[in-house]
Amino acid sequence: THEVCTGVALLYRVGANSFDEHVFVESTQVEFAELSQQLIESYVATGEPMDKAGSYAIQGLGASFVRSIHGCYQNVVGFPVHRFCVELDVSRLK
């Protein structure tokens, strides 16, 4: 089991050289199944994990390793889109 955390900072201009900051963190728990050495080596040989921050792609072949997630799937993929939209104050966009 591991935790995927994404930190976001939103800056709203309130003057010529001044900003208000709103920050949040989205956390998602990911539980993996037991993986044999052979399965890990076969996955690495596909090349899929080579450019991934956590060395697996939940949206790809790596999904077969995931027993469960608790939290935001999009956070694990790369960015918590729903939470961002909830936190964004569109009335403050200029």
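Here the structure is a predicted model, which means the values were calculated and not measured.

Reading the values: rules and limits
Residues numbered from 1 in each chain as written. Predicted model: local features only at pLDDT ≥ 70, side-chain atom pairs only at ≥ 80, totals over all residues. Heavy atoms only, no water. Helix = DSSP H or I, 4+ residues; strand = E, 2+ residues; numbered from the N terminus. Buried < 20%, exposed > 50% of the residue type's maximum accessible area, 1.4 Å probe, protein only. Polar contact = N/O pair within 3.5 Å; in protein donor to acceptor, adjacent residues only side chain to side chain. Contact = heavy atoms within 4.5 Å. Core = buried A, V, L, I, M, F, W, Y, C linked by side-chain atoms within 4.5 Å. 1 Å grid on protein atoms, 1.4 Å probe; cavity = no way out; pocket = protein on both sides within 12 Å on 5 of 7 lines; lining within 4 Å. Points joined across faces, edges and corners; volume = space filled by probe spheres on them. Nonpolar A, V, L, I, M, F, W, Y, C, P; charged D, E, K, R; others polar. Pairing = 2+ DSSP bridges. Phe/Tyr/Trp six-rings, centres within 6.5 Å; stacked < 30°, edge-to-face > 60°. Salt bridge = Lys/Arg side-chain N within 4 Å of Asp/Glu carboxyl O.

Chemist: Can you tell me about the side chain of glutamate 26, naming the residues and giving the values?
Modeler: The topology assignment puts glutamate 26 in strand β2 (residues 18-32). Assessed through its relative accessible area of 13%, glutamate 26 is described here as buried. For glutamate 26, the side chain forms a polar contact with the side chain of arginine 83, separated by 2.8 Å. The contact partners of glutamate 26, leaving out residues within four places of it in the chain, are Val4, Cys5, Thr6, Cys72, Asn75, Pro80 and Arg83.

Chemist: An account of the nonpolar core is requested, with residue identities and associated values reported.
Modeler: Residues Val4, Val30, Tyr43, Tyr56, Ala57, Ile58, Phe65, Val66 and Val76 constitute the largest nonpolar core, which totals nine residues. With residues up to four places along the chain from it excluded, the contact list for alanine 57 reads Tyr43, Glu48, Lys52, Gly62 and Ala63.

Chemist: Tell me about the layout of surface pockets, residues and numbers included.
Modeler: Within this model, the largest pocket holds a volume of roughly 170 Å³. Every residue along the wall of the largest pocket is listed here: Val4, Lys52, Ala53, Gly54, Tyr56, Ala57, Ile58, Gln59, Asn75, Val76, Val77 and Gly78. Partitioning the lining of the largest pocket into residue classes produces seven nonpolar, four polar and one charged.

Chemist: Describe the pairing of β2, with residues and values.
Modeler: Bridge analysis of strand β1 (residues 2-15) against β2 gives 13 bridges, and the strand direction is antiparallel. Of the residues in β2, the one forming a bridge with glycine 7 is valine 25. Turn length for the β1-β2 hairpin, with the two strands adjacent in sequence and antiparallel, is two residues. Pairing geometry for β2 and strand β3 (residues 66-70), over four bridges, is antiparallel.

Chemist: Please give an account of the packing of aromatic side chains that cites residues and values.
Modeler: Enumeration over the complete set of coordinates arrives at four aromatic pairs. Aromatic pair phenylalanine 32 and tyrosine 56: ring centres 4.8 Å apart, planes at 80°, arrangement edge-to-face. Here the residue phenylalanine 32 occupies a position in strand β2, and tyrosine 56 occupies one in the loop between α1 (37-45) and β3, the gap between them amounting to 24 residues. Through successive ring pairs, a cluster of aromatic residues spans Phe32, Tyr43, Tyr56 and Phe65.

Chemist: Which residues make up the pattern of salt bridges, and what are the values?
Modeler: Note on pairing: side chains with opposite charge can pair once their charged atoms come close. Within the structure shown, the criterion is met by five salt bridges. Note that arginine 92 is salt-bridged to aspartate 20, the shortest N-O span being 2.5 Å. Placement of the pair is arginine 92 in the segment after α3 (81-87) and aspartate 20 in strand β2, with a sequence separation of 72 residues. When its relative accessible area of 33% is taken as the criterion, aspartate 20 is described as partly exposed. Residues joined in a network through salt bridges with shared partners are Glu26, Arg83 and Glu87.

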